[in-house]
Amino acid sequence: FFFFFLLCFLTCASFPWELKAGEIADFKIEAFFLQKVGEPFPLMVKEAKDKFGNLASGVVKVKIKDGDGVSPNGFPPVLNPITVVNGEGQAFQVLTTSGATIFLGVVDTVERSSNVIFSQPAPLDHFDLLIPSTQTSGVSFSSPSILRAEDLYGNPIVSFNAGQDT
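Residues numbered from 1 in each chain as written. Predicted model: local features only at pLDDT ≥ 70, side-chain atom pairs only at ≥ 80, totals over all residues. Heavy atoms only, no water.

**A few points about the sheet that holds strand E6 (residues 89–93)**
Our working definition: Strands qualify as paired when DSSP identifies two bridges or more between them. Helix and strand definitions follow DSSP, with helices as H or I runs of at least four residues and strands as E runs of at least two, each counted in order from the N terminus. Note on definitions: angles span 0 to 180 degrees between N-to-C directions of axes, and those axes are lines fitted to C-alpha atoms, for helices only across the stretch in contact.
Ordered by their spatial adjacency, 3 strands build an open sheet running E1-E3-E6, and the pairing between neighbours is antiparallel. Whereas interior strands pair on both sides, the edge strands pair on one side only; in this sheet they are strand E1 (26–30) and E6. Averaged over all pairs of adjacent strands, the angle between strand axes in this sheet comes to 20°, irrespective of strand direction. Taken together, the 4 bridges between E1 and strand E3 (residues 41–49) define a ladder with antiparallel strand orientation. Looking at the pairing, Ile 29 lines up with Val 45 of E3.

See the structure below:
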């Protein structure tokens, strides 16, 4: 009996014991409020914990919960998964539409929403001037004359009625 006990003790004691946190059960996901279309920005995961409250590691998938997603010119956003180590992580995202966006972080069945992120249009890329065919010099443009300025992604920058100008 003693020999069996000693053999078991030496065998069991020779293996290193390691405790790891469980799967991510809760986390926060956030970014700075103001971003620019077409420019990468960090989306951060904080306070990722397992069901026992220990800091956890894993991968958070990123989706768009609320917002347009694909730009008017058909450019999709760039959404990168976030690798979380010891409760924190970040990955760069790129939005292609101007306006408000809310991200959704997903780990298995756990979903968390980000704060509202507002993205401003990228710099001017092109503009369209729509003028009816017959115009008279020195007279205000007849309606509906429209000047539309857009960024690379087709987001409007300036839009006004050119009929008010001469």
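**As for the sheet that holds strand E7 (residues 99–107)**
Ordered in space as E2-E8-E7-E4-E5, the 5 strands form an open sheet in which the pairing is mixed. For this open sheet the edge positions go to strand E2 (34–36) and strand E5 (82–84), each flanked by a neighbour on one side alone. Sheet twist, expressed as the mean angle between neighbouring strand axes with direction ignored, is 40°. Sheet analysis places strand E4 (residues 58–66) next to E5, joined by 3 bridges and oriented antiparallel. Bridge pairing in E5 places Gly 58 opposite Val 84.

**Points about the nonpolar core**
Under the convention used in this document: To define a nonpolar core, start from buried Ala, Val, Leu, Ile, Met, Phe, Trp, Tyr and Cys residues and group those joined through side-chain atoms within 4.5 Å. Whether a residue is buried, partly exposed or exposed follows from its accessible area with a 1.4 Å probe, protein chains only, as a fraction of its type maximum: under 20%, in between, or over 50%, in that order. A contact between two residues is defined here by any heavy atoms of the two lying within 4.5 Å.
Grouped together as the largest cluster of nonpolar side chains are 19 residues, with contacts concentrated most on Ile 24, Phe 27, Val 45, Val 60 and Ile 82. For this core, the secondary structure elements donating two or more residues are E1, E3, E4, E5, E7 and strand E8 (110–120). At 4 residues, the largest contribution of residues to this core is made by E3. Ignoring any residue separated from it by four or fewer positions in sequence, one finds Ile 82 in contact with Ile 29, Leu 43, Val 45, Gly 58, Val 59, Val 60, Val 62, Gly 89, Gln 90, Ala 91 and Gln 93.

**Things to note about the packing of aromatic side chains**
Aromatic ring pairs are described here by two measures, namely the spacing of the ring centres and the angle between the planes. We count it as follows: Centres within 6.5 Å make a pair out of two Phe, Tyr or Trp rings, where for Trp the six-membered ring is used; the pair is then stacked when the planes are under 30 degrees apart, edge-to-face when over 60, and tilted otherwise.
Inspection of the entire model under this criterion finds 2 aromatic pairs. Note on Phe 41 and Phe 103: the rings are 6.2 Å apart at their centroids and 50° apart in plane angle, and the pair reads as tilted. Taken together, the residues Phe 41 in strand E3 and Phe 103 in strand E7 connect sequence positions 62 residues apart. On the basis of relative accessibility, which here comes to 2%, the residue Phe 41 falls in the buried class. Taken together, a centroid distance of 5.1 Å and an interplanar angle of 80° make the contact between Phe 75 and Tyr 153 edge-to-face. Placement of the pair is Phe 75 in the loop between E4 and E5 and Tyr 153 in the loop between strand E10 (146–151) and strand E11 (156–161), with a sequence separation of 78 residues. Assessed through its relative accessible area of 36%, Phe 75 is described here as partly exposed.

**Remarks on the environment of Leu 95**
Among the secondary structure elements, Leu 95 is positioned in the loop between E6 and E7. Those residues in contact with Leu 95 that sit more than four places away from it in its chain are Val 37, Gly 38, Phe 41, Ile 64, Thr 101, Phe 103, Ile 117 and Ser 119.

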